[in-house]
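These are the residues of each chain, in order.
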Amino acid sequence: MTKIEISRENQLHVIKEKIWTKDFILICIANLFIFLAFQITLPTIPLFVTHLGGNEQFIGFIIGVFTFSALLIRPFAGHALETKGRRFVFLTGLVIFIFSLGSYSVTTSILFLFIMRIIQGVGWGLSTTASGTIVTDIIPASRRGEGIGYFGLSGNIALAVGPSLGLLLIDQISYFWLFILCSCFCILALTLASFVTYKKPVEYQIRVKWDLYEKEALDPSILALFITATFGGIASFLPLYTVQKGVEGIHWYFIIYALSLMVTRLFAGQLYDRKGHRFVFLPGASLIFIAMLLLAWMANSAVLFLAAICYGIGFGTVQPALQAWAVERSPKNRRGMANATFFSFFDLGIGCGAILFGQIGYWIGYTSIYVTSACSVLISVFYYFVILRKEKTTSRK
């Protein structure tokens, strides 16, 4: 058989490997409802904190404690995925997430909200680490970047609808009914998740006594940390920043951002599968950098919307590529821990960003948040070149 024939046979094999199976569709729809509940609360939690009497510092800590809670639970989620199974971790995380969201409806103090945000972070950390691992089990290896991109679309659809819907609903209904509605969305996700056929994990390999991360996934995960720190500044403070600047259209920002993200994911994953991270990361990071500078300037609504387009394309390019890269570098029997490592750093970036930017916003002003975010992107680009140098040195040996 000639090389051309072998190549054609491989291409046909790739075509035959389906992505859109029953299980993939179920997990995508379940993920849609999970993220819809999350995205509805994303811009409304800061407003809820001010409703309870808090300021920018409280907002930063309330957002940050959620992500740090998810961060701390993810390594244990990775262990449980390989030992207890995907179903147990996913469904347990969803139950905890539902309970915490429901509790917000009766919250009357910032202290109680702080405690329940910790619990919500546990549920989020378990469920999202599990769903990310379940998807990598389901998607054919040859189409992993493409499949993760499609899976991410479910979260992007929620992003397109959720923040705007939350801001609109809070003008029409009370916080009580808003959080009850979010709980109902997660109950739907739990119902759908119970019908997924979960693959049994391969034999788990414990490398050290305190096995808290997958070392092969570290480099892409560190890049994700500096990139997602920018998201902490957007999610926590952009609605308040636009009010201060007198710029209208925050609802449209989230919609435009999400649509840009969705369109990008249709081809970015395939580009990663064909060309690798070298053709994806730097262009995406550059657009995120431009978006942060535009937000720091934000002279009018047009600049806000242009920032949404740049950020959506940039983040939609970078995030699925880094996740696929982290999983691809790791052994098959460490996928759960690889996903746990990636999302731990993902959460760490958002959490550190929210807390740091809360202090910056309080003491210096909102504009400084986005200047600092641009610096975070530059750090990620610098570290990416460090990774390339390490790979080049390793290939020579």
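Starting from 1, residues in each chain are numbered consecutively following that chain's sequence as written. Side-chain atom pairs in this predicted model are given and counted only at pLDDT of 80 or more, local residue features only at pLDDT of at least 70, and totals for whole chains, interfaces and linings cover all residues. No hydrogens and no water enter the side-chain calculation; it runs on all heavy atoms of the structure.

Draft legend 1. Up close: the pattern of salt bridges. Whenever a carboxyl oxygen of Asp or Glu lies within 4 Å of a side-chain nitrogen of Lys or Arg, that contact is scored as a salt bridge. One pass over the structure, following the stated rule, counts eight salt bridges. The partner of Arg334 in a salt bridge is Glu214, and the shortest N-O contact between them spans 2.6 Å. Here the residue Arg334 occupies a position in the loop between helix 11 (301-329) and helix 12 (335-363), and Glu214 occupies one in the loop between helix 7 (175-193) and helix 8 (218-245), the gap between them amounting to 120 residues. Summary of the burial criterion: residues with accessible area below 20% of their type's maximum are buried, those above 50% are exposed, and those between are partly exposed, where the area comes from a 1.4 Å probe applied to protein chains only. On the accessibility criterion, Arg334 (1% relative accessible area) is buried. Taking the shortest distance from any N to any O, the salt bridge between Glu391 and Arg329 comes out at 3.8 Å. Of this pair, Glu391 sits in helix 13 (residues 366-396) while Arg329 sits in helix 11, placing them 62 residues apart in sequence. We classify Glu391 as partly exposed; its relative accessible area is 25%. Where salt bridges share partners, they join Asp219, Arg278, Arg329, Lys390 and Glu391 into one cluster. Helical segments are the DSSP runs of H or I of at least four residues, strand segments are the runs of E of at least two, and each set is numbered from the N terminus.

Draft legend 2. Representation of the packing of helix 10 (residues 281-297) against helix 11 within the structure. Two elements in contact, helix 10 and helix 11, have axes whose closest approach is 7 Å; the angle formed by their N-to-C orientations is 150 degrees. In terms of orientation, helix 10 and helix 11 fall into the roughly antiparallel class. With respect to the hand of their crossing, helix 10 and helix 11 are arranged in left-handed fashion. Contacts between helix 10 and helix 11 involve Phe281, Gly284, Ala285, Leu287, Ile288, Ile290, Ala291, Met292, Leu294, Leu295 and Trp297 on the former and, on the latter, Val303, Leu304, Leu306, Ala307, Cys310, Tyr311, Ile313, Gly314, Phe315, Thr317, Val318 and Leu322. Among the residues forming the contact of helix 10 with helix 11, the class breakdown is 20 nonpolar, three polar and no charged. Throughout, an axis means a line fitted to C-alpha atoms (over the contacting stretch in the case of helices), and angles, computed between N-to-C directions, take values from 0 to 180 degrees. For classification, angles of less than 35 degrees are called roughly parallel, those exceeding 145 degrees roughly antiparallel, those between 65 and 115 degrees roughly perpendicular, and all remaining angles oblique. Two helices crossing with the near one rotated counterclockwise from the far one by less than a right angle form a left-handed crossing, whereas a clockwise rotation gives a right-handed crossing. Should any heavy atoms of two residues lie within 4.5 Å, those residues are counted as being in contact. Amino acids outside the nonpolar list (Ala, Val, Leu, Ile, Met, Phe, Trp, Tyr, Cys, Pro) and the charged list (Asp, Glu, Lys, Arg) are all regarded as polar, and Gly is one of them.

Draft legend 3. Fine view of the side chain of Gln39. Note that Gln39 resides in helix 2 (residues 22-51). You can call Gln39 buried: its relative accessible area is 5%. Each residue touching Gln39, except ones within four places of it in the same chain, is listed here: Ala158, Leu159, Gly162 and Pro163.

Draft legend 4. Here's a closer look at the confidence of the model for the protein. A residue's pLDDT is the confidence the predictor assigns to it, expressed on a 0 to 100 scale. In this model, the protein carries an average pLDDT of 85, and 92% of its residues clear a pLDDT of 70 or more. The least confident element of the protein is helix 1 (residues 3-16), whose mean pLDDT is 46; the most confident is helix 10, at 96. With pLDDT under 50 throughout, residues 1-14 is counted as low confidence; its partners more than four residues away or in other chains account for four contacts.

Draft legend 5. Focus on the environment of Glu248. Here Glu248 lies in the loop between helix 8 and helix 9 (250-275). For the pair formed by Glu248 and Pro46, sequence separation is 202 residues and the distance between their alpha carbons is 18 Å. Dropping the residues within four chain positions of it, Glu248 is found in contact with Ser301, Leu304 and Phe305.

Draft legend 6. Fine view of the packing of aromatic side chains. For Phe, Tyr and Trp, rings pair up if their centres lie within 6.5 Å, where Trp contributes its six-membered ring, and each pair is then called stacked (planes under 30 degrees apart), edge-to-face (over 60) or tilted (otherwise). Evaluated as defined, the whole model comprises 30 aromatic pairs. Taking the centre distance of 6.2 Å and the plane angle of 40 degrees together, the rings of Phe237 and Tyr366 count as tilted. Taken together, the positions of Phe237 in helix 8 and Tyr366 in helix 13 put the pair 129 residues apart, joining distant regions of the chain. Given the relative accessible area of 5%, Tyr366 is considered buried. Centroid distance Tyr241 to Tyr370: 5.2 Å. Interplanar angle 25 degrees. Geometry classified as stacked. Of this pair, Tyr241 sits in helix 8 while Tyr370 sits in helix 13; the two residues are 129 residues apart in sequence, bridging distant segments of the chain. Chaining the aromatic ring pairs together yields one cluster made of Phe231, Tyr253, Phe254, Tyr257, Tyr311, Phe315, Phe342, Phe343 and Phe346. Any Lys NZ or Arg CZ that is within 6 Å of a ring centre and within 35 degrees of that ring's normal is treated as a charge sitting over the ring. Lys275 extends its terminal NZ or CZ atom over the ring of Phe279, reaching a point 5.6 Å from the ring centre.

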